[in-house]
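Structure at a glance
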Amino acid sequence: MPPRLLIVADPKMLPALSGGLREGGKFDVQAVPLADRAAAEAAAGTVDAVVLFYGAPTAPLPASLQALAPKVRERGARLVAVLQREQARHRDDCFRAGASDVLFMPVPKEQFVARLVESVGLSFASEPGGPTSTVFVATRSVSSRFERATIFSIGVEAPTQLALKAGETVRLSFASFQSWGLVVRGGPAAQIRFAGLAPDEEKKIAEWVKSGAPQPGAVQAPPPVASARAAAGAASASPAVRSISPPAPPPPSPSSKAARAAPTAGPPPGFAERKTPRATSRPTPTPEGGVPRPTVAAPGSAAAKAPANGDAGPLAGLFEKVEGAPAAQAAPEPPPARKGPPWPAAVQVDLCKEAAMKLLAGEAPGPEVPANIVSSARKIAALLSVSERASIEKTGKGSYFADALAARIALDAATAEGNRLGSAKITPTVDAAALAALSKAADEAAARLQQEANAAIGKGEVESLQLVTAASASLSRD
């Protein structure tokens, strides 16, 4: 029996989408207009997968995803968002709102359908001879590290078990790549599909896999800016832990827009920047967040004769552009952003730990400790429970509790500095190296807490497990 698929899109697109996705009997398709949220929510509770196309001014895509996610993700079903390639900057918003995967259009119809079948069915076809690499897997509560995981063009296979359920969403980091991932299985050997990759990103990973680099056993650096806390999600999407966001960071350069989507809020999928379409039944520009509306070409024209996808299928005009159409006009370049002060300041974890230990001992931090770190240390130390304080005083500055405390102080100091710049309406220049070091310190502290939690579970030490869990939750919130 084919999977039951619910399509939520603009009413004018539904006939073509429904007919095309029914071809070959791969899906049992049901269609609902995007504006009818009540009908979509009612139908979402009975299907195997829901696919939302583009969004509309009255139904922004992240808001629609967030409303449907509890009906879909909590049952283990898939929630897929479809974006235009020009809307790649909204990808992270979709994942945080509850999407399990994000697909891009236009692409050939067969390729889109095959990709949707693989995502809904959680398929994972291992390829022989994939390179190995250190892979970081991040969720809201924990960051895991897999040594010598095998990388394929479709995803990652780790040699050990991952304590996650099939269908959960994670954040992946390996070599120089960072992406979202969709868990295919947690064990005995974990398998995670890449999710939300744009076509150029898929090509780069495929070329990297084909080259066989890095060599087996190569040491990887911990994930930089978009690491374990780079994602904060909604509903049951199981996203990664949120990162500290500087006040109004400068816009990304054009070369980085496709690689990293800006985590902005507000109405998603904008069409104001779309290139001039070229297909016979081509979408016409609509207001920000709108959906394409088909425009019929004049009979006998060259555009009316040219097939959009190499066949006469009902999705031909929706999936691919026509060869030989007039070139699209390039969007004007945005003015260069003014450079502000660097943010965050260089990470001083040792000073954070030294200040915390002295405050817990009832002593004043020395003059070598900056005032902002002292202020954050006083704030975080005051929030410690009696049990955490006693554990730190007993085990000393080398304990995992002390590492977590130092990381929390560093994160709080960076947050306070960002809030100060935001209040002054100053746009900072993000220091990628400092932000990566801050991320690394927090990730290492979280990983050590996880190791202690695993050890406490193995020994049946309930009280120790409760302390470690509380410390880990505090670190995750910060």
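Residues numbered from 1 in each chain as written. Predicted model: local features only at pLDDT ≥ 70, side-chain atom pairs only at ≥ 80, totals over all residues. Heavy atoms only, no water.

**Describing the overall build of the protein chain**
Quick reminder of the rule: Numbering of helices and strands starts at the N terminus; helices are DSSP runs of H or I of at least 4 residues and strands are runs of E of at least 2. Whether two residues are in contact is decided by their heavy atoms: any pair within 4.5 Å suffices. Per-residue and other accessible areas were derived by the Shrake-Rupley procedure at a 1.4 Å probe size, with only the shown protein chains allowed to occlude residues.
If you tally the helices and strands in the protein chain, you get 14 helices and 15 strands. By sequence separation, contacts in the protein chain at least 24 residues apart represent 66% of the contacts at least 6 residues apart. Carbon and sulfur atoms make up 56% of the accessible area of the protein chain, which totals about 21,900 Å².

**Observations concerning the confidence of the model for the protein chain**
Fine structural detail should not be taken from predicted coordinates in areas where pLDDT scores are low. Let me state the cut-off plainly: Confidence scores labelled pLDDT are given residue by residue by the predictor and lie between 0 and 100.
Summary statistics for the protein chain give a mean pLDDT of 76 and a share of 73% for residues scoring 70 or more. Of the regions scoring below 50 in pLDDT, residues 215–297 engages in 231 contacts with residues more than four places distant in sequence or in other chains. Here residues 321–330 is modelled with pLDDT under 50, and outside its nearest four sequence neighbours on either side it reaches 15 contacts, counting other chains as well.

**Re the sheet that holds strand S3 (residues 49–53)**
The line we're drawing: The pairing criterion is simple: DSSP has to find at least two bridges between the two strands. Only the stretch in contact is used when fitting a helix axis, every axis being a line fitted to C-alpha atoms; angles between N-to-C directions are given from 0 to 180 degrees.
An order of S2-S1-S3-S4-S5 is seen for the five strands of this open sheet, with the pairing classed as parallel. Looking along the sheet, the strands with just one partner apiece sit at the ends: strand S2 (28–33) and strand S5 (101–105). Averaged over all adjacent pairs, the angle separating strand axes in this sheet is 25°, with direction ignored.

**Points about the pairing of strand S10 (residues 177–185)**
So the rule is basically this: Working definition: with a 1.4 Å probe on protein chains only, accessible area under 20% of the residue-type maximum means buried, over 50% means exposed, and in between means partly exposed.
Burial runs high along S10: seven of the nine residues are buried. Hairpin connection of strand S9 (residues 169–174) to S10: two residues between the antiparallel strands, including Ala175 at a positive phi of 50°. Hairpin connection, S10 to strand S11 (residues 191–195): the antiparallel pair is bridged by five residues.

**With respect to the environment of Phe124**
Along the chain, the position of Phe124 falls in the loop between helix H5 (109–121) and strand S6 (132–138). Using a relative accessible area of 14% as the deciding quantity, one classes Phe124 as buried. Separated by 32 residues in sequence, Phe124 and Val156 place their C-alpha atoms 9.4 Å apart. Apart from residues lying up to four places away in sequence, Phe124 is in contact with Phe152, Ile154, Gly155, Val156, Glu157, Val184, Gln191, Ile192 and Arg193.

**Regarding the packing of helix H10 (residues 371–382) against helix H12 (residues 400–423)**
The condition that has to hold: Orientation is classified from the angle alone, with under 35 degrees giving roughly parallel, over 145 giving roughly antiparallel, 65 to 115 giving roughly perpendicular, and any other angle giving oblique. Should the near helix be turned counterclockwise from the far one by less than a right angle, the crossing is left-handed, whereas a clockwise turn marks it as right-handed. Residue polarity follows a fixed list, in which Ala, Val, Leu, Ile, Met, Phe, Trp, Tyr, Cys and Pro are nonpolar, Asp, Glu, Lys and Arg are charged, and the others, Gly among them, are polar.
Running from N to C, H10 and H12 cross one another at 120°; their axes reach a closest spacing of 9 Å. By the criterion of interaxial angle, the relationship of H10 to H12 is oblique. By crossing handedness, the relation of H10 to H12 is classed as right-handed. On H12, the residues that touch Asn372, Ile373, Ser376, Ala377, Lys379 and Ile380 of H10 are Leu405, Arg408, Ile409, Asp412 and Ala413. Along the lines of polarity and charge, the residues of the contact of H10 with H12 split into six nonpolar, two polar and three charged.

**So, unusual backbone geometry**
Leave glycine aside and you will find that most residues have negative phi; peptide bonds, for their part, are mostly trans. In this structure, Pro188 follows Gly187 across a cis peptide bond, with omega equal to 5°. Within the fold, Pro188 resides in the loop between S10 and S11. Look at the link from Trp343 to Pro344: it is a cis peptide, with omega at -5°. With respect to the helices, strands and loops of the structure, Pro344 is situated in the loop between strand S14 (342–343) and helix H9 (349–360). Phi angles above zero are rare outside glycine, and Leu122 is one such case at about 50°. Within the element layout of this structure, Leu122 appears in the loop between H5 and S6. Of note, the phi angle at Lys425 is positive, near 55°, even though the residue is not glycine. Looking at the element boundaries, Lys425 is found in the loop between H12 and strand S15 (429–430).

**Points about the sheet that holds strand S8 (residues 155–157)**
Either a parallel or an antiparallel arrangement is found when strands of a sheet pair, and the pairing is made through backbone hydrogen bonds. Taking strand neighbours around the barrel as the criterion, the six strands line up as S6-S7-S8-S11-S10-S9 in a closed arrangement whose pairing is antiparallel. Taken pair by pair, the neighbouring strands of this sheet meet at an average axis angle of 45°, ignoring direction. Where strand S7 (residues 143–151) meets S8, two bridges bridge the pair, whose relative direction is antiparallel. What sits directly across from Ile151, in S8, is Val156. The strands touched by helix H6 (residues 199–211) within the sheet are S6, S7, S9, S10 and S11, with S10 carrying the most contacts at an inclination of about 85°.

**What to know about H6**
The cut-off we apply is this: Multiplying one less than the number of residues by 1.5 Å gives the expected span of a helix. Of all possible arcs, the one meant is that of the directions from the helix axis to the C-beta atoms.
Between the first and last C-alpha of H6 there are 18 Å, a value that for 13 residues agrees with the 18 Å anticipated at 1.5 Å per step. Buried within H6 we find Glu201, Ile205, Trp208 and Val209. The arc that holds the buried residues of H6, viewed along the axis, is 100°, so those residues lie on one side. Exposed positions of H6 whose direction lies more than 90 degrees from the buried face are Lys203, Lys210 and Ser211. Residues of H6 that are buried sit in contact with helix H4 (91–96), S6, S7, S9, S10 and S11. Of the residues one or two after H6, Gly212 is the one with positive phi, at around 80°.

**With respect to the pattern of salt bridges**
As a reminder of what qualifies: Note on definitions: salt bridges are taken to be side-chain nitrogens of Lys or Arg within 4 Å of carboxyl oxygens of Asp or Glu.
By the definition in use, this model includes twelve salt bridges. Salt-bridge contacts for Glu118 lead to Arg193; the nearest nitrogen and oxygen are separated by 3.4 Å. Of this pair, Glu118 sits in helix H5 while Arg193 sits in strand S11, and the two are 75 residues apart along the sequence. Taking relative accessible area as the criterion, Glu118 reaches 31% and is therefore assigned partly exposed. The shortest N-O distance in the salt bridge between Asp403 and Lys353 comes to 2.6 Å. In this pair, Asp403 sits in helix H12 while Lys353 sits in helix H9, placing the two residues 50 residues apart along the sequence. Via salt bridges that share partners, Lys353, Asp403 and Arg448 belong to a single interconnected network.

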